[in-house]
Amino acid sequence: MTAIYDPHAAWYDEYVTDSPYMAMVDGVLAELLGRGHGTVLEIGCGTGAHAAALRSTGRTPVGVDISAGQLSFAAGKLPVARADAGRLPVASGSLDAVASVLIHTDVPDYRAAVREAARVLRPGGVLAHVGVHPCFTGAFSDRSDPDRVIITSELYGHTGVSFHAWTSEGVRARVGARHLPVSDLVNAFLDAGLTVDRLTERGMGPLPDVLGISARKA
């Protein structure tokens, strides 16, 4: 099976290396996870761009991804396995931490991925989600002016894959992206039995383009 990122793995690895945007994302990730120990599982680890940020929290990262092409780059950065985010090859209640970074626009059923993350967490374990902001970033938004976001209202409710973007330089122009309205995103955590304990918004400019969610298993 060829995953959508397989033909773009080399480009993506170069695209995210030394990226100021990814540095900002990693800062949010480390903040949401907090200090800890043991293993942290990154679902949808891609080329392993966030391995160093995960290690900075005191944990040992392990990654899974559906893209063999991306994993060929990630393998030198952290232990990896090829797996679907909705069917994790991990025992229930075996982990204290799971990370999900910039994948909810790629995963066909992100709710299933969150349920799986909740399944593998021990009581008290944390799931740290960092993703594009559902209110300000997507096919419905034009961010060409850094001081404002122009919303095309009829596109906001489109939750299928879209290649519509104001720039041809990013990921969406190559692989497309899905959209989850903010209510659907937050409810994915609540429906999985997790307790949301922190939200954070961050951006490269005055307007946020990422939303971070920290959720714990009771």
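Please refer to the structure higher up on the page.
Residues numbered from 1 in each chain as written. Predicted model: local features only at pLDDT ≥ 70, side-chain atom pairs only at ≥ 80, totals over all residues. Heavy atoms only, no water.

**Looking at the sheet that holds strand S3 (residues 80-82)**
Read across the sheet, seven strands follow the order S3-S2-S1-S4-S5-S9-S8 without closing on themselves; strand pairing throughout is mixed. Each edge of the open sheet is held by one strand with a lone partner, namely S3 and strand S8 (194-202). Taking the axes of each pair of neighbouring strands and ignoring which way they run, one obtains an average angle of 20° across the sheet. The strands that helix H2 (residues 20-33) touches are strand S1 (39-43), strand S4 (95-101), strand S5 (121-132), S8 and strand S9 (210-217); relative to S5, the one it contacts most, it runs at about 160°. Helix H8 (residues 182-191) rests against S5, S8 and S9 of the sheet, and its axis sits at about 20° to S9. (Pairing = 2+ DSSP bridges. Helix = DSSP H or I, 4+ residues; strand = E, 2+ residues; numbered from the N terminus. Axes fitted to C-alpha atoms, helices over the stretch in contact; angles between N-to-C directions. Contact = heavy atoms within 4.5 Å.)

**Quick notes on the pairing of strand S2 (residues 60-65)**
Here is the key point about a regular strand: its side chains alternate between the two faces of the sheet. Two strands pair when backbone bridges link them, and S1 and S2 are joined in this way by five bridges, in the parallel orientation. Looking across to S2, one finds that Val-40 is bridged to Pro-61. Sheet analysis places S2 next to S3, joined by three bridges and oriented parallel. Bridging across to S3, Val-64 finds its partner in Ala-81. At this point the chain moves from S2, through helix H4 (residues 68-74), to the parallel S3, and the crossover so formed is right-handed. (Right-handed = clockwise from strand over helix to strand, strands pointing away.)

In short, the description is geometric, and any link to function would need to be established separately.
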